[in-house]
Amino acid sequence: MPAMETVLAAFVLLPLGAALVLVMLGLLLHPLAVPTLQALERARFARRLARAARADSLLKARRMDAALRELEQAFCLFTVRADSRLLEQIGAHHTGLLSRFLTMIEDLPQGRVRLLSLAKVDRILDRRSDLEGALLQLRNRSWRDGRRIQLEREVRRNARDLRAAVRELVADVQLLAARRVAVQ
């Protein structure tokens, strides 16, 4: 049986050694975390781009409902945490999605109808861009930083609002398309 001093030393030194190993691993793996996160964000964005491309092909085939579903899913509702260039690309992507909605509305007989839901989506997207830009500026701060926590909450709330506004926009376009079918 080992001496009591040896057992006490083991109980004290073992957690300290484990903590030291974890800190060292964290320091060594941290430089790999940002490129990995960037790659994951880019992959998620690529899936949204693919949905937009499918929506375009569905629009050419005059399959409005399926195209609207794809366009709804093409919005990027995830939070960009690592790549500031991706924020600009997502902004351009969202502008392209809104222009597709405008094109669809213009093709309808009563296409001159103003859709307030389109303006609402545009306003929410603009706010989202500002929030994510501010959040990216704070990425080097602690996860417990009050401003960062507040921005995270606002971005999550914005994502919920955006999802609801996009659904409303899709429903409005579907309603206009249904009126077109009834008129014909």
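That block above? That's the structure.
All residue numbers here refer to positions counted from 1 along the written sequence of the relevant chain. Under the rules for a predicted model, residues below a pLDDT of 70 receive no local features and side-chain atom pairs below 80 are neither given nor counted, while totals for whole chains, interfaces and linings still include all residues. To get the side-chain values, take all heavy atoms of the structure and skip hydrogens and water.

Caption draft 1: Spotlight on the environment of D172. For the purposes of this entry, the term helix denotes a DSSP run of H or I that reaches at least four residues, the term strand denotes a run of E that reaches at least two, and both are numbered from the N terminus. Tracing the chain through its elements places D172 in helix 5 (residues 146-183). Relative accessible area serves as the criterion here: at 24%, D172 is assigned to the partly exposed category. Relative accessibility decides the category of a residue: with a 1.4 Å probe and only protein chains considered, values under 20% of the type maximum give buried, values over 50% give exposed, and everything between is partly exposed.

Caption draft 2: Seen up close, the packing of helix 1 (residues 4-60) against helix 2 (residues 64-73). At a minimum axis separation of 8 Å, helix 1 and helix 2 run at an interaxial angle of 160°. On the basis of the axis angle, helix 1 is roughly antiparallel to helix 2. Where helix 1 crosses over helix 2, the two elements pack in a sense that is left-handed. Touching R48, R51, R54, A55, L58 and L59 of helix 1 are A66, A67, E70, L71 and Q73, all from helix 2. By the convention adopted, Pro, Cys, Tyr, Trp, Phe, Met, Ile, Leu, Val and Ala count as nonpolar, Lys, Arg, Asp and Glu as charged, and the other residues, Gly among them, as polar. Partitioned by chemical class, the residues of the contact of helix 1 with helix 2 number 6 nonpolar, 1 polar and 4 charged. Axis definition: a line fit to C-alpha positions, over the contact stretch in the case of helices; interaxial angles, taken between N-to-C directions, run 0 to 180 degrees. Here the angle decides the label: under 35 degrees means roughly parallel, over 145 means roughly antiparallel, 65 to 115 means roughly perpendicular, and every other value means oblique. By the definition used in this description, the sense in which the near helix is turned from the far one sets the handedness, with an anticlockwise turn below a right angle giving left-handed and a clockwise turn giving right-handed. Two residues qualify as a contact provided that any one of their heavy atoms is within 4.5 Å of a heavy atom in the partner residue.

Caption draft 3: Inspection of helix 4 (residues 116-137) at higher detail. Multiplying 1.5 Å by the residue count of a helix minus one yields the expected span of that helix. Look at helix 4: 32 Å from first C-alpha to last across 22 residues, which is about the 32 Å you get at 1.5 Å a residue. Among all positions in helix 4, only S117, L118, V121, I124, L125, R128, L131, E132, L135 and L136 are buried. Down the axis of helix 4, the buried side of the element spans an arc of 145°, and every buried residue falls inside it. The outward face of helix 4, more than 90 degrees from its buried face, is lined by the exposed residues L116, R123 and Q137. By definition, the arc is the one covered by directions from the helix axis to the C-beta atoms.

Caption draft 4: Looking closely at the pattern of salt bridges. Each reported salt bridge corresponds to a side-chain nitrogen of Lys or Arg within 4 Å of a carboxyl oxygen of Asp or Glu. Applying the stated criterion to the full structure yields 10 salt bridges. Across the pair E70 and R51 runs a salt bridge, and its minimum N-O distance is 3.0 Å. Of this pair, E70 sits in helix 2 while R51 sits in helix 1, and the two are 19 residues apart along the sequence. For R51, a relative accessible area of 27% puts it in the partly exposed group.

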